[in-house]
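# Architecture and fold: a report
Chain by chain, the residues run as shown.
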Amino acid sequence: MGKKNQQLITALYERLSHDDNLQGESNSISNQKRVLEDFARQQGFTNVRHYTDDGISGTRFDRPGFQAMMEDIQDGKVAVACLKDMSRFGRDYLQVGTYMEVIRKAGVRLIALNDNVDTLKGEDEFTPFRNIMNEWYARDTSKKIRSAFQARNMAGKPTASSPSYGYLKSPDNKDQWIIDPVAAPIVKRIFQLSMEGKGPYQIAKILSADKVEIPAYHQQKLGIGLWQSREIKNPYNWGSSTIVHILENPVYLGHTCNFKTRKHFKDKKSHYVDQDEWTIIENTHEAIIDQDTFDNVQRLRSSIRRYPDGWGETHPLSGLMFCADCGSVMYIHRINNGKRIPTFDCAAYHKTPVGSVCPSAHRIHASVVLTLVKETLREIVKFSSEDEAEFKRLVEESIAAQQDNSIKEKKARLTACLKRQEELEVLICKIYEDNALGKLPDKRYQMLDAQYAGEQDTLEKEIRELKEAVAKSEKQEHSASKFIALVKKYQDFEELTTPMLIEFVDKILVHEREVKGRIDSPQTIEIYFNFIGKFSVPHDEAEPTPEEIELEQRKEQIRQKRHEEYLRRKSTGWQATYYWKNKRALKEKRDAAKEKIRAEDRENGIYYLPKQKDSDEAKEAVQ
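These notes cover the structure that comes with them.

Cut-off values and rules
Residue numbers run consecutively from 1 along every chain, following the written order of its sequence. Totals for whole chains, interfaces and linings use every residue, but because this is a predicted model, local features are given only for residues with pLDDT of at least 70 and side-chain atom pairs only at 80 or more, for both listing and counting. For side-chain calculations, the full set of non-hydrogen atoms in the structure is used, while hydrogens and water are omitted. Pairing between strands is defined by DSSP: at least two bridges between the two strands are required. In DSSP terms, a helix is any run of H or I states spanning at least four residues, a strand is any run of E spanning at least two, and both are numbered starting from the N terminus. Contact between two residues is taken to exist if any of their heavy atoms lie within 4.5 Å; hydrogens are not considered. As a rule, the C-alpha atoms of each element are fitted with a line to give its axis, helices using only the stretch in contact, and angles between N-to-C directions run from 0 to 180 degrees. Expected span of a helix, by definition, is 1.5 Å for each gap between consecutive residues, and there is one gap fewer than residues. Working definition: with a 1.4 Å probe on protein chains only, accessible area under 20% of the residue-type maximum means buried, over 50% means exposed, and in between means partly exposed. We define a nonpolar core as any set of buried Ala, Val, Leu, Ile, Met, Phe, Trp, Tyr and Cys residues linked to one another through side-chain atoms lying within 4.5 Å. Any Lys or Arg side-chain nitrogen found within 4 Å of a carboxyl oxygen on Asp or Glu counts as a salt bridge. Oblique is the label for any angle not under 35 degrees, not over 145, and not in the 65 to 115 range, which are roughly parallel, roughly antiparallel and roughly perpendicular in turn. Note on residue classes: Ala, Val, Leu, Ile, Met, Phe, Trp, Tyr, Cys and Pro are nonpolar, Asp, Glu, Lys and Arg are charged, and everything else, Gly too, is polar. For patch detection, residues must exceed 30% relative accessible area and be free of salt bridges, and they are connected within 9 Å for like charges or within 5 Å for nonpolar side chains (Val, Leu, Ile, Met, Phe, Trp, Tyr). Areas reported here follow the Shrake-Rupley algorithm with a probe of radius 1.4 Å; residue values treat only the protein chains shown as occluding. Under the convention used here, Asp and Glu are negative, Lys and Arg are positive, and both His and the chain ends fall outside the count. Note that the charge is assigned to NZ on lysines, CZ on arginines, CG on aspartates and CD on glutamates. Centre distance within 6.5 Å is the pairing criterion for rings of Phe, Tyr and Trp, where only the six-membered ring of Trp is used; planes under 30 degrees apart are then read as stacked, over 60 as edge-to-face, and the remainder as tilted. To sit over a ring, a charge needs its Lys NZ or Arg CZ within 6 Å of the ring centre and within 35 degrees of the ring normal.

Here we come to the sheet that holds strand β12 (residues 321-323). Taken in spatial order, the 4 strands make up an open sheet running β12-β16-β17-β18, and their pairing is mixed. The open sheet has two edge strands with one neighbour each: β12 and β18 (533-534). Of the strands in this sheet, β12, β16 (505-510) and β17 (525-529) touch helix α13 (residues 366-386), which is tilted by about 55° from β17.

For an α-helix, the turn length of 3.6 residues means that residues three or four places apart are oriented alike. Along its 21 residues, α13 runs 30 Å from first to last C-alpha, staying within 8% of the 30 Å computed at 1.5 Å per residue. By the burial criterion, the buried members of α13 are Ala-366, Val-369, Val-373, Lys-374, Thr-376, Leu-377, Ile-380, Val-381, Phe-383 and Ser-384.

Quick look at the nonpolar core now. Counting residues in hydrophobic clusters, the biggest one holds 70 residues, and the most contacted among them are Trp-238, Tyr-252 and Phe-504. Among residues more than four places away in sequence, those in contact with Phe-504 are Leu-377, Phe-483, Leu-486, Val-487, Tyr-490, Phe-529 and Asn-530. If you look at the next biggest cluster of nonpolar residues, it comprises 21 residues, including Ile-73, Val-78, Phe-89 and Ile-103.

Inspection of every chain in the model, using the stated rule, returns 24 salt bridges. Where Arg-104 meets Glu-101, a salt bridge forms, and the shortest distance between an N and an O atom there is 2.5 Å. Highlighted residues: Arg-104 and Glu-101, both in helix α6 (residues 93-105), separated by 3 residues, approximately one helical turn. For Lys-430, the salt bridge identified is with Asp-434, shortest N-O distance 3.7 Å. With a gap of 4 residues between them, Lys-430 and Asp-434 both fall in helix α14 (residues 388-436), about one helical turn apart. You can call Lys-430 partly exposed: its relative accessible area is 45%. Several salt bridges share partner residues, and in doing so they unite Lys-84, Asp-85 and Arg-88 into one network.

The next subject is the packing of helix α9 (residues 200-209) against helix α11 (residues 240-247). Relative to each other, α9 and α11 sit at 110°, their axes nearing to 8 Å. Taken together, α9 and α11 sit at an angle that is classed as roughly perpendicular. Contacts from Pro-200, Tyr-201, Ile-203, Ala-204 and Leu-207 in α9 reach Ser-240, Ile-243 and Val-244 in α11. The residue inventory of the contact of α9 with α11, partitioned by class, reads 7 nonpolar, 1 polar and no charged.

On a regular strand, one side chain projects to one face of the sheet and the next to the other, so that they alternate. Pairing of β12 with β16 involves 3 bridges; the strand directions are parallel. Residue pairing for β16: Cys-323 is matched across the bridge by Val-510. Two strands pair when backbone bridges link them, and β16 and β17 are joined in this way by 5 bridges, in the antiparallel orientation. Counted as the bridge partner of Ile-508 is Ile-527 from β17.

Side chains of Glu-422, Glu-425, Asp-457 and Glu-460 sit close together on the surface and give a patch of like negative charge. Taken together, the elements giving at least two residues each to the negative patch come down to α14 and α15 (442-474). Take Asp-457: it is sitting in helix α15.

For the coordinates displayed, the defined rule picks out 17 aromatic pairs. Consider the rings of Tyr-490 and Phe-504, whose centres lie 5.7 Å apart with planes at 50°: the pair is tilted. Pair noted here: Tyr-490 is in the loop between α16 (479-489) and α17 (498-504) and Phe-504 is in helix α17, with a separation of 14 residues, a long-range link. Among the aromatic side chains, those forming a connected cluster through ring pairs are Phe-383, Phe-391, Phe-483, Tyr-490, Phe-504, Phe-529 and Phe-535. The aromatic ring of Phe-61 is capped on one face by Arg-63, whose charged end is 4.9 Å from the ring centroid. The ring of Phe-493 carries Arg-378 above its face, with NZ or CZ at 4.9 Å from the centroid.

The structure is reproduced here in structure tokens:
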């Protein structure tokens, strides 16, 4: 070698992955270093420098040692690059080929001892095939690892390397999880806060303020988890995503949940998959959360929209109110009238053009619904305490009647859907044969095939939902006893709390007023309770007195007279003039009142400024 080359680096690259480590000492870092140093000494190479990656897969190329070597090569600091074999270089033949071209253009000599690769002696035509074989080895190893996980899954064992937050591995059996006495109460608290109407962001802020250790830090202290060797700068900084993962994880019901993530053998990170692709093995360890609480949390989180922009307090009725006509969820509006009077509106009504999806807003004051629920529950509790046997009988009769009607309809529809699904299979086969025999033109065949395929997809979704509904009804044999136990739990309640509301109420259907636009018009509200559906306490309604009848008649006459005056103004065109004349002034007055309320909320840190405002000002308002 010339004098110039003696000043350049002789790069010795070593790499060891966890899989390579299983093969013994021959692939160890120390053995690779010894072999490469001996070779460099025999060849007279000087200025030797080691570039090492320990415990990193060859399918990745963001290895620190490898990248450092490539930087020195591109900077012209390296004369020779030596490695034990090409599998140390990498196990992705496309990436290996790309980097080999970079090395060739840099004029660096590449030597792989065990594979007889030496670019000084010319190109080896077999090298690309050898690189493919190295990638196949990584692919085969990945398959074997996946098979091992599948075997554990089939045996009912967890495939995760460490237990979920809230659990520990049993000292007697590493495949058995036991409750963590420190973390389990935190999990219970998170679910309780969710039951109280708190969102993930709010729960995270509460835990951070209380200096509760985040799961990663807690597990790091125990010597488990994926953060054992990483630095955690803020051990109390809870995030919303962490709360969401805990609230949606069935593991806290005592179930083992496998294959929640998936990755290709070349990927650096795992990716979460949809929950319907998980493998859930029920009742494998002690539960932290009961099924009713878990179901209530999922039901609420699926239909709640937080106000405003996710930062404010959630109304207790959010997620429970639905339009009786179109079935859409009803959303809370707190200041639309310029006052702090929360009202619920049908979400579909406001979809543009307004009124095209649902003809009415079904607007109702939240306080009216809360009062109705409270009084209804008081009647139920009172009746159950006075005659428990009769109460139990009525509850059981109510459940049986509702299940008979609804389940019969669902079973009939399920049978019809399954029959139609079979018919579609026959039709698809028929048009395929007709097209193959030339009886059906290609264009017509493609149109029919797309039509049948779309109908199949819709049917499959409906069949899945119907099967779940039928299966759920068959599991509700103990619904009556559950509801009765819930009534006993709140036998002496005074105020209607958010957790109590969520435990009792499944949904509330709101009908439009009998006379739309009249605030004093009757409006029907249907309350569906958890476990039993609709239920009302039997009681005799008192007949109105003659005085009450006369008073109601006078009120009706006044209402009728006002309505006739409205119709008269409308027929002459004066109503439209009056409306547009006063609309702008009324809107300006209402908007000013709304802005005043928002200003108060911003001062209290519960209102997030609109996106068009300055971002710094918005952040400051939230903080």
